[in-house]
Amino acid sequence: GRQQNAASSPTNAPPGAPSGQQPFRVALIMSGSTTDHGWNQGAYEALKAVAKKLGLSDSQIAFKEQATSADSQLESLRAFASQGYNVVIGHGEEYEQPALRIAPEFPKTLFVISSGSQVATNVTPIVFKLEDGAYLEGMLAAGMSRSGIIGAVGADPIGPVKSVFSAYALGAKAINPKINVLQPLFTNDWDDVGKAKQATLSLIGRGADVIIQDLDNAAQGVFNAVEQSNRPGHPVYALGTNSDQNGNAPDVILASAPINLYPAFLNIIQAAKEGTFKPNATPYGLKSGVIGFVYNPKLEPKIPPALKQKIDAAKQKIIDGTLVIPKAG
Amino acid sequence: MSIVTGVLLGTLAETTPLLYTSLGETVAQRAGVINVGLEGILLASAFTASLTTYHIGNPYIGVGIGMLTGVAFALLFGFFALVLHADQVVTGVVFNLFALGITGTLYRFLFALHDKSLITAQLPLLHHTVTLLTPLALPAVALVWWWLYSTRSGLELRACGEQPLAADAAGISVRRTRAIALIFDGAMAGIAGAFLSVADSNTFVPNMSAGKGFIALAIVTAGRWNPIGCLVASLLFGFTNALQFQAQALGFDGLYRHIAAIFHLTTLLHRLNLDHFPYQLFLALPYLVTMLILFGSSRSTRAPAALGRPYRKE
Amino acid sequence: MNLARDTAGSKTPLVAPSPTISSVQMQQIAKRYGTTVALDAVDFELQAGEIHALLGENGAGKSTLMHVLSGMTQPDAGTVRINNVSVHIGSPREARRLGIAMVHQHFTLVPAFTVQENLALDADISLHTLRYRAEEAAKPALNQAAALGWQLDPHARVEDLPVGIQQRIEIAKALATNAQWLIFDEPTAVLIGEEIEELFRVLRALRDSGKGIVFITHKLPEVMAIADRVTVLRRGHKVATAPIHQVHPALLAQWMVGEAPATQRAPESHSISRPLHTKTPAFRAENLTVLGDKGEKVLENISFEVYPGEIFGVGGVDGNGQTELAETLVGLRSPQSGQLFWYEGAFQPGHSPRIGYIPQDRRRHGLALTMTVEENLLFEAVKEAKYRIGPFLRRAALHDLAETLIREFDIRTPSAKLPASALSGGNQQKIVVARALHHRAEWIVAVNPVRGLDINATQFVHTQLLNAKQRGASIVLISTDLDELAALADRTVILSNRQMHPIDLTQRDATQIGLLLGGAFTKEAP
Amino acid sequence: MSFSKSFPTKPKAIYHLLRFLSIAFLYIIGFLILLVATFAIFGVAPSKALFALQQGAFGGGSISPAYALSETLVRATPLLLTGLSIVVAWQAGMFSIGGDGQLLMGALTATVLAQLQQVVNPNLLILLMLVCGTLVGGLWGAIAGWLRVKRNVQEVISTIMLNYIALYLVGAAVVGPLQESSHSNPESNLLPDKLLFAHILPPSWSGGVTTRLHSGVFLAFLAVPIVWLYLYRTLPGFHLRLVGQNPDAARATGVLVDRIRVRAMAFSGALCGLAGVVQLLGTSERLSANFSPGWGYTAIPVALVGGLHPIGTLLSALFFGALEAGSVNAEQTLQVPASLIAIVQAAAVLAIIGVNAWRQHYPTELKD
Ligand SMILES: Nc1ncnc2c1ncn2[C@@H]1O[C@H](COP(=O)(O)OP(=O)(O)OP(=O)(O)O)[C@@H](O)[C@H]1O
Ligand SMILES: Nc1ncnc2c1ncn2[C@@H]1O[C@H](COP(=O)(O)OP(=O)(O)OP(=O)(O)O)[C@@H](O)[C@H]1O
Ligand SMILES: [Mg+2]
Ligand SMILES: [Mg+2]
């Protein structure tokens, strides 16, 4: 059995606040690679931008990517915290339990968990309302689908992915109650482009003509399958998630629902730097600008104005708070 | 596109790289060399093919460079295996690590650090279905078959894998023959790697080979060191692989729950968080099938007698 | 003949060519393996239009001499001339170009290949690399076989064929090359009566067509029947070369075996000769039938017994089932039928008798070359309870044992911790011998135990065997060296034709033994 | 007596030590050159890189030596156990690549048992997890051994297949019965503290920071003498090595070769199964679909660089552990990608096996 070491000395300063001599430092831990054109790259770039804005030098920010294994996730949190980083961001829900576990040992460190949900003395979640963007994408998908069948491909059915896919289905139903949203396919591999492509082709084979994906690195396989199946008279479209992927396959991606982490990161890091941050579970959605929805300019003209109006209206309602999209589960 | 064609195309996409790789490895193993470093060759050639296509714009040249990359790796492997007589399995394992490192690093330094994405031109599709490489795999099977069984050099090659001493007595250079086989092995794995990045997709992603090199090794064994056997085994593998998505898609899950209900297992399965069929078990299917083939076939056939054994003259 | 090409590269200019008779001349050929002198300045000449028999005991150097000629082995010294042109034969391929082909004693066939493929592999190397058909490539050889009356199934796998057929393939292969110089290394060892006649007809026809043929055999009647000239080698030296009409089997046998070895006999071994019939045998084999690796019968229905304190000698030319017999006698091979007894109970290796085994092929079955000398000495000892505490080895005791053995058996090694591969062949053999003899084995099976040992070491091993005998062990000594059997064995049998043939070595003379060895006794006992 | 015995050997021992040191020195120099060259090629200042490596592995700058060294030890632990597993299998002539699968099966078994945490005494449960995880790992290895001796399926191939099957079994388990309570991630719940290995280094030793050094590290180090004893001091170990060096000779002395092979694979698998449990209870604290970052594969170069000897493997695992700890630090502070470290590792190992093979094939040493 293991005795957790209690906090060495209770502190009054808010977590993450810079202490006297040490410079203020921020670390970001990701399970994937910083070049995935998706979830991880977005965080990587956001932190760089925040650093620039706050005047943090290169030595004041640190990254750990591809912390895929359970032990490296836990280890990275511990390593950065023990080196005195003021803010340690675990970019993904998978960091939440480990962070909650070790947080008491590092009371001066603020742990930020992307996609998390629980609040503790020095652990704060960034609650993403990924559903906001996915809902609008679902509406777009249903509106653009000619076959009345749409699909989704993911790597693993993890929480955020399930939320995205369920909001996508809800949005689609809002436009076309009879739309057939095929059960999402999972490839179990965030890197295997070929598998993503095959899964997509099999959805298209069953009649789906709009596909959403949540695959990071392997997303290119989905786009490639859609590009390959897209032909005049029988258009097939894809949707981008987590970052603005419109440029990755400009002929077939209708829109993307990017996560713009910059405002969220800036909020938290700035407050922490100033010593004023209190952990909270503020949701970040369309309203905060963290979740976005961008049409692909190249395909935008093809979208019927009526559909666009409906989507815009829904967007407004979400921002107003009159429409709340539930999380999956 | 119907479900049948979906399965078919999925099968072909998965089969093609496996077939090329296993054909090359069949030749190498027939000559007595086992190359466990195929995974690394796939990755390295996928990268160079993509890189070349990115800069030159012509995916055919990309495939050519992918092939050359495979050959370069094979020659390096040959230096260790045939000149130094190092253990072939270890050398192969380390080559995989090496390729993983070198491609990941180069990708990072050439692209990621400059915020460029490696999206390239792609081999054109024939009739909106497959690229040239897929139908070309069939003549490749025939070619290897013809080479191994109908040419003098194929005969010599097989002799080197079975009984190098006899080959030597017949005036054949065992080392040279094995080197040629390795070069072919590398070239074929190179094509397969290029297939992954410039035919089956239009990008390179670190670690995109995702274990195909290891599966190709198993296919060589399951296919009984015979090109036709490789064709059958890789088709089977490709098919189970493609089927897994169709099964997911076709509501296998519903069937699963239906059966569970018949046996009054629904509550139990719910308690076990098994409301849905764990799709990972589908993913394991091809490997299980391969194991079964290995289990069933290996009594009647044998590996080339001198497989993996360095041959030292006197 | 395409000698022109090679003449250009040769260093020696043509010297006194004799234009009428073409010939191959091997001069002062020497070859050593470690300290084994396989060939010591041997001269040999082969003329076109003759069948030249090459005779000698096992290990006399016959194969090595012919390997030099066929490019398989490079000599340490000496020259080869063809038609008085000095040639360098660096590889089998070069030999082939010079018109030399060899039928090897140890087959150079690919077991997993079909007959046709094997023939094609060796077929004319100028055949096109790509456009080629195995049937065509194999045809000349198959035709040769057919001319001999041998119907070879081109699609049969070689490993499924009996050795006799494999031998035919080797012969057909060589004949198909149209070589001017043909070497047959014991081609008749595995052929039977009529087949041999067929082969002889072919050989004579080839000779008459002007080819030069070397014919290696242990069988004297064959030499008398077919050879024009005969050369005898003994321990790497040439004894004599003579036209066949100047020799007779007895003379040849004498040349082969040399002077009577009775003088070397250890006298004390005589003194303990005992009336065997007064004791009960320790080991008894009844109607033993043993199969070889290919499922062929190598021993059929043999019965014999070995008494305590006896050395039972088994002689004969290599390849007559010695290995299989030895393996059966130590329990590594189960007999197809028949029973083995140890005293009154069943023979149960691992249980009843304590076994000492000196296998035929020490590198393959006797040693783990990468393990240390000490470990190699202890293969048997570690199993004994007194050298263990539970599963743990008693290192000190084992180490002492190893050191004792190294001293006792005079194993020359700088350290017991050296890998066995660092030792000379002779010293490696001593490890195997030490292991088999030290632990008071009651049942000892030794196959060529002094192979590769020098005179002193040989004497030593023999003394050890005699000591073992004296303390009551039962010993089967399988040896191709009749001197050794004569010196040590109380009774001797010769293995041939799947049977044991008892012979009396005490009243022997060299001639008789040579004849027996040569298989003469089966048909025309003297 | 003993004096006179040891006297002549003394200069020899010094000679051997010097020879060993000079060879080791050569390897180290070669390795450093490789390292510097690789960093230089990719534009990372070698001096900074070397410092970052050293800092991560041994401490310095902002990292206390105790912390860095404990990281080195913790990272060496799975490599040591799996490396020993390779030593056992390969010494028996079984070229197993199955470390990862066996390790996963061990961890999976332990996680299943962890579900009993409410009913079983925690210390008992830990013991149970260690024992059962080890056994199941052994079983997974024995399957490959059995396939080899009964069906002549090459273990190189079957172990790779078994790796994948284990991987997907774990994958299915962590989205199924073993999934964490929120049913959101492909991983199990964190194990409760009471089931984890204790952290053994007092924080005061490492600058007030808790290190990951856990009691499971002892198990790995304990395995070294056990494997060593087994291989070099027991009868079964003797037979195992004999079978690996020359199965024909083993058979000729009456050893049951098939049985030894299966047993070796089982032992080898057991060590990996143990590694799985040790990682689970020591550092990972939960099972996940990506539980192993490839420990079972890295084990092969680890064992090989260690000369397929338990002591050598200990040193080699420490070397790899230090390299990993250092490179993770370099990655985090200099943003050197982890893949660069893979190149360095591969190149170093290739150099070592190349030199070894060359020395074996073209022996130049003369005996005095
Ligand atoms: N490759 C080798 N390495 C070591 N020793 C060898 C080798 N080849 C032959 N010898 C040794 O050279 C000697 C001559 O062997 P050779 O094969 O020429 O005998 P042989 O007369 O053909 O005997 P046999 O009648 O048994 O065929 C023997 O002592 C043999 O052990
Ligand atoms: N690879 C090696 N490494 C170290 N020492 C070796 C090696 N090979 C041979 N030696 C040593 O060199 C010496 C001569 O070896 P060699 O094989 O020539 O012996 P030999 O003269 O044939 O002896 P024998 O008559 O017993 O066969 C031996 O003492 C042996 O220990
Ligand atoms: Mg011979
Ligand atoms: Mg010698």
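The rules behind these values
- Residues numbered from 1 in each chain as written.
- Chains lettered and ligands numbered in written order.
- Predicted model: local features only at pLDDT ≥ 70, side-chain atom pairs only at ≥ 80, totals over all residues.
- Heavy atoms only, no water.
- Helix = DSSP H or I, 4+ residues; strand = E, 2+ residues; numbered from the N terminus.
- Rg over C-alpha atoms; globule rule 2.2 N^0.38 Å.
- Contact = heavy atoms within 4.5 Å.
- Buried area = accessible area lost by both parts, 1.4 Å probe.
- Salt bridge = Lys/Arg side-chain N within 4 Å of Asp/Glu carboxyl O.
- Polar contact = N/O pair within 3.5 Å; in protein donor to acceptor, adjacent residues only side chain to side chain.
- Axes fitted to C-alpha atoms, helices over the stretch in contact; angles between N-to-C directions.
- Parallel < 35°, antiparallel > 145°, perpendicular 65-115°, else oblique.
- Left-handed = near helix turned anticlockwise from the far one by under 90°.
- Nonpolar A, V, L, I, M, F, W, Y, C, P; charged D, E, K, R; others polar.
- Near = heavy atom within 4 Å.
- Areas by Shrake-Rupley, 256 points an atom, 1.4 Å probe, with all protein chains shown as cover.
- Buried < 20%, exposed > 50% of the residue type's maximum accessible area, 1.4 Å probe, protein only.
- Pairing = 2+ DSSP bridges.
- pLDDT = per-residue confidence, 0-100.
- Core = buried A, V, L, I, M, F, W, Y, C linked by side-chain atoms within 4.5 Å.
- UniProt positions renumbered as here; feature names shortened; annotations may be inferred.
- Expected span 1.5 Å × (residues − 1).
- Bend = angle between axes of the 7 residues up to and from the residue.
- Phe/Tyr/Trp six-rings, centres within 6.5 Å; stacked < 30°, edge-to-face > 60°.
- Lys NZ or Arg CZ within 6 Å of the ring centre and 35° of its normal.

### What to know about the overall build of chain D
- Helices and strands together make up the secondary structure of chain D, namely 14 helices and 0 strands.
- Element order for chain D, N to C, with α for helix and β for strand: α-α-α-α-α-α-α-α-α-α-α-α-α-α.
- The globule rule puts the C-alpha radius of gyration for 368 residues at 21 Å, and the 22 Å found for chain D is close to it.
- The principal-axis extents of the C-alpha atoms in chain D amount to approximately 70 × 60 × 45 Å.

### Here we look at the interface of chain D and chain B
- Taken together, the contacts link 46 residues of chain D with 48 residues of chain B.
- When the buried surface of chain D facing chain B is broken down by residue, R151, M161 and Y168 of chain D rank first, second and third, together holding 16% of it.
- Counting across the chain D and chain B interface gives 0 salt bridges.
- The tally of links between chain D and chain B comes to 6 residue pairs in polar contact (both at pLDDT 80 or more).

### Quick notes on the arrangement of the chains
- Sorting the 5 pairs of chains in contact by contact count puts chains B and D at the top.
- Across the gap from chain A to chain C, with no contact made, the nearest C-alpha atoms are 34 Å apart.

### Considerations on the packing of helix α4 (residues 130-144) of chain A against helix α5 (residues 159-175) of chain A
Residues and elements named next belong to chain A.
- Two numbers describe how α4 lies on α5: the axes approach to 6 Å, and their chain directions differ by 40 degrees. Considered as vectors, α4 and α5 are oriented oblique to each other. In the crossing of α4 with α5, the sense of the turn from one axis to the other is right-handed. Here L130, E131, A134, Y135, E137, G138, M139, A141, A142 and G143 of α4 come into contact with α5, specifically with P160, S163, V164, A167, Y168, L170, G171, A172, A174 and I175.
- Counted by class, the contact of α4 with α5 contains 14 nonpolar, 4 polar and 2 charged residues.

### Quick notes on the site of ligand 1
All names here are of chain C.
- Within the structure, ligand 1 sits among 14 residues, and N58, G59, K62, S63 and T64 are positioned closest to it.
- In this structure, an oxygen atom belonging to ligand 1 sits 2.6 Å away from a side-chain N or O atom of S63.
- The separation between an oxygen atom of ligand 1 and a polar side-chain atom of T64 is 2.5 Å.
- Coverage of ligand 1 by the protein amounts to 65% of the 630 Å² it exposes when considered alone.
- Elements supplying a minimum of two residues to the shell around ligand 1: β2 (36-47) and α2 (62-70).

### What to know about the pattern of salt bridges
- Tallying each qualifying case throughout the model produces 41 salt bridges over all chains.
- We note a salt bridge from K197 of chain A to D200 of chain B, for which the minimum N-O separation is 3.5 Å. Of this pair, K197 of chain A sits in helix α6 (residues 193-205) while D200 of chain B sits in the loop between α8 (174-199) and α9 (212-222), on two different chains.
- On the basis of relative accessibility, which here comes to 3%, the residue K197 of chain A falls in the buried class.
- Between E71 of chain D and R212 of chain D there is a salt bridge, with its nearest N and O atoms 2.9 Å apart. Pair noted here: E71 of chain D is in helix α4 (residues 65-91) and R212 of chain D is in the loop between α7 (155-175) and α8 (216-233), with a separation of 141 residues, a long-range link.

### Overview of the interface of chain B and chain C
- With 19 residues of chain B in contact, the opposing surface of chain C contributes 23 residues.
- Of the roughly 1,900 Å² buried between chain B and chain C, counting both surfaces, carbon and sulfur atoms make up 58%.
- Where chain B packs against chain C, one counts 1 salt bridge.
- Its salt-bridge partner being E117 of chain C, residue R158 of chain B comes within 2.8 Å of it at the nearest N-O pair.

### Section: the sheet that holds strand β9 (residues 229-234) of chain C
All names here are of chain C.
- Overall, mixed pairing links the 6 strands, which are arranged β6-β7-β8-β3-β9-β10 in an open sheet. The open sheet terminates on both sides in strands that have one partner only, identified here as β6 (100-103) and β10 (237-243). In this sheet, neighbouring strand axes are inclined to one another by 15 degrees on average, regardless of whether the strands run parallel or antiparallel.
- One ladder, built from 6 bridges, connects β9 with β10; its direction is antiparallel. Bridge assignment links V230 to a residue of β10, and that residue is A242.
- On the sheet, α2 packs against β3 (51-55), β6, β7 (181-185), β8 (212-216) and β9 and is oriented at approximately 145 degrees with respect to β6.

### Considering the confidence of the model for chain D
All names here are of chain D.
- When pLDDT is averaged along chain D, the result is 86, and 91% of the positions lie at 70 or above.
- Highest mean pLDDT in chain D belongs to helix α5 (residues 99-114) (97); lowest belongs to helix α1 (residues 2-6) (37).
- Below a pLDDT of 50 lies the segment residues 363-368, which in the model reaches 4 contacts outside its immediate sequence neighbourhood of four places, other chains included.
- Among the prediction metrics, the complex's ipTM stands at 0.81, with pTM recorded as 0.84.

### Describing the nonpolar core
- Of all hydrophobic cores here, the largest spans 314 residues; its most connected members are L140 and F265 of chain A, L377 of chain C together with M129 of chain D.
- The greatest single-element share of this core, amounting to 13 residues, is contributed by helix α11 (residues 257-284) of chain D.
- Setting aside anything within four residues of it in sequence, one finds L377 of chain C in contact with A402, L405, I406, I411, I431, A434 and R435 of chain C.
- The next biggest cluster of nonpolar side chains, apart from the first, holds 33 residues, and it includes V103, A141, V158 and A174 of chain C.

### Looking at the UniProt feature "transmembrane region" (unreviewed entry) in chain B
Residue and element names in this part refer to chain B.
- Taking the UniProt record as the reference, the feature "transmembrane region" (unreviewed entry) is found at residues 60-82, 89-110, 130-149, 179-199, 214-243, 255-272 and 278-295.
- Helix makes up 100% of residues 60-82 and strand 0%, and the two end C-alpha atoms of the span are 32 Å apart.
- With 89% helix and 0% strand, residues 278-295 has its two end C-alpha atoms placed 26 Å apart.

### Observations concerning helix α5 (residues 134-147) of chain C
Residue and element names in this part refer to chain C.
- In this model α5 runs 20 Å from its N-terminal to its C-terminal C-alpha over 14 residues, within 8% of the 20 Å that 1.5 Å per residue would give.
- By the largest-angle criterion, P140 marks the main kink of α5, which is about 40 degrees.
- The set of residues buried in α5 consists of A134, A137, A138, A141 and A145.
- Residues of α5 that are buried sit in contact with α4 (115-122) and α6 (163-176).
- One or two residues past the end of α5 sits G149, with phi positive at roughly 85 degrees.

### Things to note about the packing of aromatic side chains
- Applying the stated criterion across every chain, the model contains 35 aromatic pairs over all chains.
- Where F47 of chain B meets F204 of chain B, the ring centres are 5.0 Å apart and the plane angle is 65 degrees; that geometry is what we call edge-to-face. Linking F47 of chain B in helix α2 (residues 38-56) with F204 of chain B in the loop between α8 and α9, this pair joins segments that are 157 residues apart in sequence. Both residues of the pair, F47 of chain B and F204 of chain B, belong to the buried class.
- Put simply, the rings of F283, F304, F312, W342, Y343, F347 and W443 of chain C touch in pairs and so form one group of aromatic residues.
- Over the face of the ring belonging to Y85 of chain A we find R25 of chain A, whose NZ or CZ atom lies 4.2 Å from the ring centre.

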